[in-house]
Amino acid sequence: MRNFEFFYKRYLVAVVMVFILVLADAPSGAAGAESDAALRIKDAAVGDCQACHGKKMVSDTHISTKGLTLKDCQNCHSQDFTALMNSMPSSHAHQLSNVSCADCHGQADPPEAVGTDMCITCHSYEKIVELTKEYEEENPHNSPHYGPDGLDCDLCHYQHGKSELYCAQCHDFEYVTPSPVIAYTPTAKAPAAAAPGAPAAAGQDCSSCHAAPQFNENFSKSAHGVFSCALCHKNITDFAAHMKGEQKSEKVSCALCHKDVSEEYAGSYHETKQNMSCESCHTDIHPTEPAAGDGKIALINKCTTCHGKDPDFISKGHAASVMKGNQDAATCADCHGVHNTPVFEDTPEDVANVREFYTEKCISCHGDEGVAERNNLSVETVEEFKDTYHGKVLFLGYSQRVAGCSDCHTAHNILPADDPGSPVNQATLIETCGKCHESFHPRFVSFIAHPDEEDPEHYLALYITRIFMIWLLFGVFLFFWVHVILWWRKAYWEKSRLRKLGIKESSDLPECDATQYVKRFTMADRIMHVILILSFFGVVVSGFPLKYHETAWAQVIMNFLGGAQNAGLVHRISATVMWVLFLYTAWLSLRFLFPKKEGTSGWVKRLFGPDSLFPNLKDFQDIWGMFKWFVGKGDMPRFERWTYWEKFDFLAVFWGMFVIGLSGLILWFPEGSSYIMPGWLINVATIAHSEEAFLAAIFIFTVHFFNNHFVPNKFPLEMNIFTGSYTIDALKRERPLEYERIIAEGRLDEIRCDGPAIFTQLFAGFFGLFSLVLGIVLTVLIFWAVFFY
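Bear in mind that the values here come from a model prediction, so they are computed numbers and not experimental data.

### So, the overall build of the chain
Line of reasoning, step 1. For the chain, the count of helices and strands is 39 helices and 3 strands.
Line of reasoning, step 2. Looking at the 789 residues of the chain, the share that counts as buried comes to 35%.
Line of reasoning, step 3. Taking contacts inside the chain between residues at least 6 apart in sequence as the whole, the part at least 24 apart equals 64%.
Line of reasoning, step 4. Here the chain displays about 46500 Å² of accessible surface, and carbon together with sulfur accounts for 61% of that area.

Here it is in structure tokens:
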């Protein structure tokens, strides 16, 4: 019965294997490719486990087996090689010896059966007897059953299953049937000699001389304990000579296994500047004590053997937290790297690179929500820093201009602000801030480095400023954007209706008068406006990349300007020009109210008169009348020299220069400002400056552009601000009350002028359209940043 079961099992295994071979004939990737689908087995490359199994058979940390042979496996698995080979079918040993399925089974489909005559083409009877001679008394290969007329090899040696000793059915002795290509060394026998050309140590027991714990029990428990001595200690070909000290191993090369680490280390500070080898830090490859303890603590202890002789180095800050068991706290390696410690030279460029590099390291932990939550920290601290001038410039890539984390908190022994030893403690802030800032009042240090504008409990002034600016923006844009939409709808619908009826707009003036030009703006007005446009674009283009520093376009514009320093220069020059224009306008306003010419009316009458840009009662009536016209409830109001939206534009300059100009001066001269106000007002000025800049830019690029250029009856450009004149017909149509007043006063001939010259028209068209297009592009970029970042 036992023989029947034995042959039945063999038959079943053979049938299953033939079935697998037939299935494996299905098309797949190129021969030898590693894939999730099994390949045609006979085409499998050496070591390609996936070709048959259809999946990876080793752990993810194991190197790829494709292309590996038995000899390669033995490099790492020398200690457990016999057990490894005895646990796999003989077909695996053949395959790992570069003997393919087709070498034995042929190319036929289905595969040919393999008999002993095929086995002996590689494994001769004499060779097998010699290899198993240690079993003289019980050697199955030295018996009447073995030889050309004996039993088939596959009675014991299964190629696709675990081999077993067929002899044991009749004989009673212990013998493990190994894979047929291994020179099996039985347990408790003398070690076999090393194969010709192989390292002597591979076949010898090094512990016979190296018997200390660091070479045996301690080493076996270490990370390298699974490897043989010969894997690292190479070129020992004569064991006796090695024992006499006449032959030594080659210098150990860690790169044999740690190739990626070795390449990374080649450019590190320790290798290039200190000429340190792996053994300089990894002194415990053969540990004198069993490996134990926290890996982070061990790393700090290792680094501090060279660095940080000061005991405070590991008694405070992050290191102290690690020593107390905090696994979230940073070690030396978290900031400086393990094998890739960067090299920084003592140059201004690398000083900036150091600041940027280590600030990013700080953020990698302090910006992690999990780390922050476990350690009672706030990830908002990082975002709050990024929203300050320091953070914005640094993350735009110009860290040489501003402070990073370590400039204020120091690089080591980083302590909380309430610790007297902390550089950001209230008592030490003057010294800390003084490293970069000079000539400031002590109240300067009340500046908030990580401001939270949404926290009224701790930062009430910032909170109130932010809320006020938000409501200001909301109110202004709500009114004027609704105004724009309704005006466009009314004007466009009216123009389309007339076009549909075939009615062309015509003047009720004689043609000779209608086409005559009258002066609207003086040359000084026109030059001022061009300068204002250029300076306004200057502050927007140089300032908004800082406001929206996280966007890709901010980096492009900043690089175009030549960096943060040049952008700051452009911003301040443009702002200075705007200040000069504002002061000049204020002086002109005073001259208008208090003219030197005798016989003029009083300043109150002039303030509320038709030539004044100050609002009066009629402006509020015009606003109401305009909205009635929008919805078809009345006629369009009849305007004087200045409309209510033009007066708003003018007065907004005074509000804007008060807010944005004054806050800009504070930010420009923060140290000097501290002599007249506390440092936290710099934070208030930052909020006001930023939000007012947004209000000014978006208002000009949307509301002002529409009111003066994009309204349907003027689209695409109203040029009179550049040419200084427009037709009498335009005067009567757009400002009928002014026209009637001029006629009544008999001043029409006084303001008549020639039409604009060709050059003036070209300049007006080109410069005006360019400004409009640039404004629209900037508006798109700003809204892109608002809604998508």
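### Side note on the pattern of salt bridges
Line of reasoning, step 1. Tallied over the full model, the rule gives 22 salt bridges.
Line of reasoning, step 2. With a shortest N-O distance of 2.8 Å, Arg-752 and Asp-749 are connected by a salt bridge.
Line of reasoning, step 3. We classify Asp-749 as exposed; its relative accessible area is 60%.
Line of reasoning, step 4. When salt bridges that share partners are traced, they join Asp-611, Glu-640, Arg-641, Arg-741, Glu-745 and Arg-747 into one network.

### Quick word on the nonpolar core
Line of reasoning, step 1. If you look at the biggest cluster of nonpolar residues, it comprises 58 residues, and the most contacted ones within it are Trp-487, Val-540, Phe-544, Met-626, Phe-694, Phe-701 and Phe-722.
Line of reasoning, step 2. The element best represented in this core is helix H34 (residues 680-710), accounting for 10 residues.
Line of reasoning, step 3. Ignoring sequence-local partners within four residues, the contact set of Phe-694 consists of Leu-473, Phe-477, Phe-544, Lys-547, Tyr-548, Ile-782 and Val-786.
Line of reasoning, step 4. Counting residues in each nonpolar core, the second largest holds 11 residues, with Tyr-726, Leu-731, Ile-742 and Ile-751 among its members.

### As for the packing of aromatic side chains
The geometry of an aromatic ring pair is captured by the separation of the ring centres together with the interplanar angle, meaning the angle of the planes.
Line of reasoning, step 1. Overall, the coordinates contain 44 aromatic pairs when judged by the stated rule.
Line of reasoning, step 2. With a centroid separation of 5.1 Å and an interplanar angle of 10°, the aromatic rings of Trp-488 and Tyr-492 are classed as stacked. Taken together, the residues span about one helical turn, with Trp-488 and Tyr-492 both in helix H25 (residues 460-500) at a distance of 4 residues.
Line of reasoning, step 3. Chaining the aromatic ring pairs together yields one cluster made of Phe-479, Phe-480, Phe-627, Trp-629, Phe-630, Phe-648 and Phe-699.
Line of reasoning, step 4. The positively charged end of Arg-489 is found above the aromatic ring belonging to Trp-493, 5.7 Å away from the centroid.
Line of reasoning, step 5. In this arrangement the basic side chain of Arg-606 is found over the ring face of Phe-592, its NZ or CZ atom lying 4.4 Å from the centre.

### Details of the packing of H25 against helix H32 (residues 644-668)
Line of reasoning, step 1. Packing of H25 against H32 brings their axes to within 14 Å, and their N-to-C directions diverge by 160°. As judged from the angle between their axes, H25 and H32 are roughly antiparallel. In the crossing of H25 with H32, the sense of the turn from one axis to the other is left-handed. Counted together, Phe-468, Leu-472, Phe-480, His-483 and Trp-487 of H25 and Tyr-644, Trp-645, Phe-648 and Trp-655 of H32 form the full contact between these two elements.
Line of reasoning, step 2. When grouped by side-chain class, the residues that make up the contact of H25 with H32 number 8 nonpolar, 1 polar and no charged.

### So, helix H28 (residues 552-560)
Line of reasoning, step 1. All of the buried residues in H28 are Trp-553, Ala-554, Ile-557 and Met-558. Taken down its axis, H28 places every buried residue within 135° of arc, on the same side. Exposed side chains of H28 directed beyond 90 degrees from the buried face belong to Ala-552, Val-556 and Phe-560.
Line of reasoning, step 2. Positive phi shows up at Gly-562, right after H28, with a value of about 95°.

### Some details on the packing of helix H29 (residues 564-593) against H32
Line of reasoning, step 1. Where H29 meets H32, the closest approach of the two axes is 11 Å, and the angle between their N-to-C directions is 140°. In terms of orientation, H29 lies oblique with respect to H32. Crossing geometry of H29 relative to H32 is assigned as left-handed. On H32, the residues touching Arg-572, Thr-576, Met-578, Trp-579, Phe-582, Thr-585, Ala-586 and Ser-589 of H29 are Phe-650, Val-653, Phe-654, Met-657, Gly-661, Leu-662, Leu-665 and Trp-668.
Line of reasoning, step 2. Here the residues of the contact of H29 with H32 sort into 11 nonpolar, 4 polar and 1 charged.

### Quick notes on the sheet that holds strand E3 (residues 752-753)
Line of reasoning, step 1. Sheet architecture is open: 3 strands sit in the order E2-E1-E3, paired in antiparallel fashion. Unpaired on one side and paired on the other, strand E2 (725-727) and E3 mark the two borders of the sheet.
Line of reasoning, step 2. Summarising the sheet, strand E1 (residues 517-519) and E3 pair through 2 bridges and their orientation is antiparallel. Across the sheet, residue Val-518 finds its bridge partner in E3, namely Arg-752.

### Comments concerning unusual backbone geometry
For residues that are not glycine, phi is negative in most cases, and the peptide bond is trans in most cases.
Line of reasoning, step 1. Following Phe-715, the chain continues into Pro-716 via a peptide bond in cis, with omega recorded as 5°.
Line of reasoning, step 2. Structurally, Pro-716 is set in the loop between H34 and helix H35 (720-723).
Line of reasoning, step 3. Backbone geometry places Asn-275, a non-glycine residue, at a positive phi of 55°.
Line of reasoning, step 4. With respect to the helices and strands, Asn-275 occurs in the loop between helix H13 (269-272) and helix H14 (278-281).

### What to know about the environment of Pro-442
Line of reasoning, step 1. Position of Pro-442 relative to the elements: it lies in the loop between helix H24 (429-433) and H25.
Line of reasoning, step 2. A residue is classified by how much of its surface remains accessible, and Pro-442, at 47% relative accessible area, is partly exposed.

### Some words on a nonpolar patch on the surface
Line of reasoning, step 1. The grouping of Phe-468, Trp-655, Phe-658, Leu-662, Leu-665, Trp-668 and Phe-669 at the surface amounts to a nonpolar patch, some 680 Å² of accessible area in total.
Line of reasoning, step 2. With 5 residues, H32 is the single largest residue contributor to the nonpolar patch.
Line of reasoning, step 3. Following the sequence through the fold, Phe-658 ends up in helix H32.
Line of reasoning, step 4. Here Phe-658 falls in the exposed class, since its relative accessible area comes to 53%.

### Points about the side chain of Thr-331
Line of reasoning, step 1. The residue Thr-331 is located in the loop between helix H17 (317-323) and helix H18 (332-336) in this model.
Line of reasoning, step 2. If near-sequence neighbours (up to four positions away) are discounted, Thr-331 is found in contact with Lys-296, Leu-299, Ile-300 and Val-322.

### Quick word on the confidence of the model for the chain
Line of reasoning, step 1. Looking at the chain as a whole, its pLDDT mean stands at 83, while 83% of the residues score no less than 70.
Line of reasoning, step 2. Under a pLDDT of 50 for its full length, residues 1-39 has, in the predicted model, 56 contacts with residues more than four places off or in other chains.
Line of reasoning, step 3. Below pLDDT 50 for its whole length, residues 179-203 participates in 44 contacts with residues either more than four positions away or in separate chains.

### Some details on the environment of Ile-414
Line of reasoning, step 1. Residue position: Ile-414 is located in the loop between helix H23 (405-409) and H24.
Line of reasoning, step 2. What makes Ile-414 partly exposed here is its relative accessible area of 24%.
Line of reasoning, step 3. C-alpha separation for the pair Ile-414 and Gly-317, spaced 97 residues apart in sequence, amounts to 4.6 Å.
Line of reasoning, step 4. Setting aside residues up to four positions removed in sequence, Ile-414 forms contacts with Gly-317, His-318 and His-409.

Rules and cut-offs
Residues numbered from 1 in each chain as written. Predicted model: local features only at pLDDT ≥ 70, side-chain atom pairs only at ≥ 80, totals over all residues. Heavy atoms only, no water. Helix = DSSP H or I, 4+ residues; strand = E, 2+ residues; numbered from the N terminus. Buried < 20%, exposed > 50% of the residue type's maximum accessible area, 1.4 Å probe, protein only. Contact = heavy atoms within 4.5 Å. Areas by Shrake-Rupley, 256 points an atom, 1.4 Å probe, with all protein chains shown as cover. Salt bridge = Lys/Arg side-chain N within 4 Å of Asp/Glu carboxyl O. Core = buried A, V, L, I, M, F, W, Y, C linked by side-chain atoms within 4.5 Å. Phe/Tyr/Trp six-rings, centres within 6.5 Å; stacked < 30°, edge-to-face > 60°. Lys NZ or Arg CZ within 6 Å of the ring centre and 35° of its normal. Axes fitted to C-alpha atoms, helices over the stretch in contact; angles between N-to-C directions. Parallel < 35°, antiparallel > 145°, perpendicular 65-115°, else oblique. Left-handed = near helix turned anticlockwise from the far one by under 90°. Nonpolar A, V, L, I, M, F, W, Y, C, P; charged D, E, K, R; others polar. Arc of directions from axis to C-beta. Pairing = 2+ DSSP bridges. Patch = residues over 30% accessible without salt bridge, like charges linked within 9 Å, V, L, I, M, F, W, Y side chains within 5 Å. pLDDT = per-residue confidence, 0-100.

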